[in-house]
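Examination of the molecular architecture
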Amino acid sequence: MKLPLFQPQRYEPIHRFNIQRSPEWGFMGSDEQEAVRVVSQVLPFRTNTYVTRNLINWDRNSGDPMFNLTFPQREMIDEEDFSTLQEVLNSGASRDEVKEVVQSIRRRLNPHPAGQLSHNVPELNGRKLEGLQHKYRETVLFFPSQGQTCHAYCTYCFRWPQFVGNSEVRFQSRSSDDLVRYLREREEVTDLLITGGDPLVMKASLLESYLAPVLEAQIEHLKTIRLGSKALAYWPFRFLTDPDSDDLLRLFERVVKAGKHLALMAHFSHPVELSTAPVEEAIRRVRSAGAEIRMQAPLVRHVNDSSDVWAALWKQGVHLGLVPYYMFVERDTGPKGYFEIPLHRAHLIFREAFNQVSGLARTVRGPSMSAFPGKVHLIGTAQIGREKVFVLQFLQARDPNWVGRPFFARFDPEACWLDDLTPAFGRKHFFFEREYEPTAVSTVA
Ligand code: SF4
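Residue numbers run consecutively from 1 along every chain, following the written order of its sequence. Only residues with pLDDT of at least 70 get local features here, since the model is predicted, and only at 80 or more are side-chain atom pairs given and counted; chain-wide, interface and lining totals rely on the full set of residues. Hydrogens are left out, water is left out, and the side-chain values use all remaining heavy atoms of the structure.

1. Re the site of the ligand
- Near, as used in this document, describes a residue that has one of its heavy atoms within 4 Å of the molecule or strand being considered. Close to the ligand lie Cys150, Tyr153, Cys154, Cys157, Phe163, Gly197, Lys230 and His267, which account for all nearby residues.
- Its atoms largely coinciding with the cavity grid, the ligand occupies the largest pocket. Every definition here rests on a 1 Å grid over the protein atoms only: cavities are sets of points where a 1.4 Å probe fits but cannot get out, pockets are open sets enclosed by protein on both sides within 12 Å along at least five of seven lines, and lining residues have some atom within 4 Å of a point. A molecule is said to be in a cavity or pocket once over half of its atoms fall within 2 Å of that pocket's grid points.

Below, the structure written as structure tokens:
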């Protein structure tokens, strides 16, 4: 029998209720401990011992990208909010008083950017379908309720409201009945993305209970099933030694046998996540079950804001059989001030990384903003006449006719997001601002 290349591990979460009892607490300075104590009241915090013991280099401590990726930092909330919350916590205030302060800070962190709650929810017979989003013609997103958590939380997560227990701002579905009915009606939909959180935190049997009705419905126009997941990075044992790992891989095989293309949309933020023996073996197993793995992540300060890091990530990904897919711009939500990078710098990082890799890694696209009107790709900067401009295009859009149509914004060295941009050449509006009807919601009669 072949010896495993790694020791199987048991999933041990670390979160705000047990961190002070973990050895990791002792590796942190007192300022970092205080940051975790205060900021984790507002933003979700969860990591696990695979991450802390295999991916974080504690010698470098707060300079470590994986530490910054998973541990709350003081600068993630406003200095004033931090002090207010710290005082409330130290004053022995009641839980309700603390909650009130926390909620007011959260409301100011733009919990649902890009109209996720209000504009992307489809309807069936006049009824809004909970836990579904349909923004782009070909792709429907489905949020199974038990998949609204992750093996660890990224501190930059744009879905952070999903994890803070506030049902007002959470979207989720408990069954796939509506999903199947909706998919049947919408012949233009070729792709289903099951996402969260991370749907692979669910037991294989539960994931199967959502997927089986979709497969059994034999919806001919549905060609691809995507699973959005960071399990390979944060908990590769999900595919190796968890009690139902083999069942999960059999389920992948079942999807492929049903004639669907199965794509694991794997979130990898830093090459260190691809450096362990368990992740290599997990990738091998997922691919041998017939799934393709595409890799994507946002570009964020303190974690991966270097072209060498991205080049190394894509090179190692391709070496392991992954397909580089997107470099995103950090969304305008949560602790964006801590992570954001001006667009012109994001483009330079992308270009310098792109220049370092072979053609096989040049499947990647970016920097791309998942903004309200669509996925906006910053192609680059140019001098046109006397004006320096950003050149942009939609990769996906609420109106499919906008895709691939170049448009121009005035160059702004400070701009970090689409909303910060103004049209070039003295125009008052971008073309899509006139054409977009903001009340449009996808509806099936
Ligand atoms: S894996 Fe995705 S959903 Fe989960 S915390 Fe990270 S960014 Fe958020």
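Now, onward.
2. Brief notes about the pattern of salt bridges
- Any carboxyl oxygen of Asp or Glu that lies within 4 Å of a side-chain nitrogen of Lys or Arg is treated as forming a salt bridge with it. A complete count under the given rule lists 21 salt bridges for this structure.
- Glutamate 123 is the partner of lysine 128 in a salt bridge, and the nearest nitrogen-oxygen pair spans 3.5 Å.
- For every residue, the accessible area (1.4 Å probe, protein chains only) is compared with the maximum for its type, and the residue is labelled buried under 20%, exposed over 50%, or partly exposed between those bounds. With a relative accessible area of 46%, lysine 128 lands in the partly exposed category.
- Notably, a salt bridge pairs arginine 254 with glutamate 208, separated by 2.7 Å at the nearest N-O pair.

3. Topic: the domain arrangement of the protein
- Under the domain assignment, the protein is made up of domain 1 (13–107) and domain 2 (113–444).
- Of note, the centres of domain 1 and domain 2, computed from C-alpha atoms alone, are 27 Å apart.
- At the interface, 23 residues of domain 1 touch 30 residues of domain 2.
- Taken together, the links from domain 1 to domain 2 amount to zero salt bridges.
- By the criteria applied, helices consist of DSSP H or I runs no shorter than four residues and strands consist of E runs no shorter than two, each listed in order from the N terminus. Among the elements of the structure, strand 2 (46–48), helix 3 (49–55), helix 4 (65–70) and helix 6 (95–107) are those that each provide at least two residues to the side of domain 1 that touches domain 2.
- By residue number, the principal contributor to the side of domain 1 that touches domain 2 is helix 4, which donates five residues.
- When grouped by side-chain class, the residues that make up the side of domain 1 that touches domain 2 number 13 nonpolar, seven polar and three charged. Where each domain starts and ends follows an automatic or database-derived domain assignment. Contact criterion: two residues are considered in contact whenever any of their non-hydrogen atoms come within 4.5 Å of each other. Side-chain classes are defined by residue name, with Ala, Val, Leu, Ile, Met, Phe, Trp, Tyr, Cys and Pro counting as nonpolar, Asp, Glu, Lys and Arg as charged, and the others, Gly among them, as polar.

4. Comments concerning the sheet that holds strand 11 (residues 323–329)
- Two strands pair under a simple rule: DSSP has to find at least two bridges between them. Pairing within the open sheet is mixed, and its eleven strands lie in the order 5-6-7-8-9-10-11-12-13-14-15. Edge strands, defined here as strands with exactly one partner in the open sheet, are strand 5 (132–136) and strand 15 (407–410). On average, each strand axis in the sheet is tilted by 30° relative to the strand beside it, whichever way the strands run. Axes, fitted as lines to C-alpha atoms, cover a helix only where it is in contact. Angles between the N-to-C directions of the axes lie from 0 to 180 degrees.

5. A few points about the nonpolar core
- As used in this record, nonpolar core signifies buried Ala, Val, Leu, Ile, Met, Phe, Trp, Tyr and Cys residues forming a set joined through side-chain atoms within 4.5 Å. Leu232, Phe239, Phe252, Phe268 and Trp314 are the most contacted members of the largest nonpolar core, which totals 111 residues.
- Here the element with the most residues in this core is helix 8 (residues 204–216); it accounts for six residues.
- Of the residues that make up this core, three or more belong to each of domain 1 (13–107) and domain 2 (113–444).
- Filtering out sequence-adjacent residues up to four positions away, tryptophan 314 remains in contact with Met295, Pro324, Met327, Phe350, Ala353, Phe354, Val357, Ala361 and Val364.
- By size, the runner-up hydrophobic cluster in this structure holds 20 residues, among which are Phe390, Ala415, Leu418 and Leu421.

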